[in-house]
Amino acid sequence: MDMMDLTDLAMRGYNELSAGQHQRVALARGIVQDTEIMILDEPTANLDVRHQMYVTQLLREFADKDGKLVLMICHDLNIAARYASKIIVMGSPERIHSIGEAEDVITSDTIREVYGIDCDVVTYEGRPMVMLKSEFPDE
């Protein structure tokens, strides 16, 4: 409970918790199972940016220090690029577009091909960061 910053919520009913608190409770339940493989579907959904970074960094540490395999679905390209050791970019319909290191797959060409939007991809702290253009493309 300490690891997920839930100690102060221990005596509250589940229905009294916010969506982000529900998400952190679900993550804590998964973490205490102490499995070799963690498969997570949007573990940062409903979390504020502080908790998104904390959770993703924590999962990265589980992989690096504890040797766990962490498979995570994430729609936030910048979070994925910052913390993932490998990224699978899904194309449409349900096809793999590319697999590789963040700097190899998080590119403006990939974003344009998969999502149909223009962006700039810059390097920040050695990792790619997606900077969306201000105009939504005409269809």
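Scroll up for the structure.
Residues numbered from 1 in each chain as written. Predicted model: local features only at pLDDT ≥ 70, side-chain atom pairs only at ≥ 80, totals over all residues. Heavy atoms only, no water.

1. Some remarks on the layout of surface pockets
- Approximately 870 Å³ is the volume found for the largest pocket.
- At the level of secondary structure, the elements contributing two or more residues to the lining of the largest pocket comprise strand 1 (37–41), helix 2 (49–66), strand 2 (69–73), helix 3 (77–83) and strand 3 (87–91).
- Residues that form the lining of the largest pocket fall into these classes: 21 nonpolar, three polar and four charged. (1 Å grid on protein atoms, 1.4 Å probe; cavity = no way out; pocket = protein on both sides within 12 Å on 5 of 7 lines; lining within 4 Å. Points joined across faces, edges and corners; volume = space filled by probe spheres on them. Helix = DSSP H or I, 4+ residues; strand = E, 2+ residues; numbered from the N terminus. Nonpolar A, V, L, I, M, F, W, Y, C, P; charged D, E, K, R; others polar.)

2. A closer look at the side chain of T44
- In this structure, T44 sits in the loop between strand 1 and helix 2.
- When neighbours within four sequence positions are excluded, T44 is seen to be in contact with Q23, Q52, V55, T56 and M72. (Contact = heavy atoms within 4.5 Å.)

3. A look at a nonpolar patch on the surface
- Side chains of I37, I39, L69 and L71 sit close together on the surface and give an oily, nonpolar patch of about 390 Å² of accessible area.
- Put simply, the parts of the chain that give the nonpolar patch at least two residues each are strand 1 and strand 2.
- Its place among the elements puts I39 in strand 1. (Patch = residues over 30% accessible without salt bridge, like charges linked within 9 Å, V, L, I, M, F, W, Y side chains within 5 Å. Areas by Shrake-Rupley, 256 points an atom, 1.4 Å probe, with all protein chains shown as cover. Salt bridge = Lys/Arg side-chain N within 4 Å of Asp/Glu carboxyl O.)

4. Quick notes on the state of the cysteines
- Taken as a whole and judged by the stated rule, the model has zero disulfides.
- In this structure C74 is a free cysteine whose sulfur lies 16 Å from that of C119, the closest cysteine sulfur available.
- Here C119 falls in the buried class, since its relative accessible area comes to 4%. (Disulfide = S-S within 2.5 Å. Buried < 20%, exposed > 50% of the residue type's maximum accessible area, 1.4 Å probe, protein only.)

5. Quick notes on the pattern of salt bridges
- With the rule as written, the count across this model stands at seven salt bridges.
- Salt-bridge contacts for K68 lead to D34; the nearest nitrogen and oxygen are separated by 2.8 Å. Taken together, the residues span a long stretch of sequence, with K68 in the loop between helix 2 and strand 2 and D34 in the loop between helix 1 (19–32) and strand 1 at a distance of 34 residues.
- Given the relative accessible area of 11%, K68 is considered buried.
- For D34, a relative accessible area of 56% puts it in the exposed group.
- A single network of salt bridges, built from pairs that share partners, joins D109, R112 and D118.

6. Observations regarding the environment of A102
- One can find A102 in helix 4 (residues 102–105).
- With 14 residues separating them along the chain, A102 and I88 place their C-alpha atoms 9.2 Å apart.
- With sequence-adjacent residues up to four places away left out, A102 is seen in contact with A81, I87, R127 and P128.

7. A closer look at the nonpolar core
- Counting residues in hydrophobic clusters, the biggest one holds 16 residues, and the most contacted among them are L77, I87, V89, V105, I106 and V130.
- Only helix 3, strand 3, helix 4 and helix 5 (108–115) provide two or more residues apiece to this core.
- It is helix 3 that contributes the most residues to this core, five residues altogether.
- Those residues in contact with L77, other than ones at most four positions away along the chain, are I106, I111, Y115 and V130.
- In this structure, L27, L58, L59 and F62 belong to the second largest nonpolar core, which totals nine residues. (Core = buried A, V, L, I, M, F, W, Y, C linked by side-chain atoms within 4.5 Å.)

Fair warning: the whole summary comes from geometry, so function is off the table for now.
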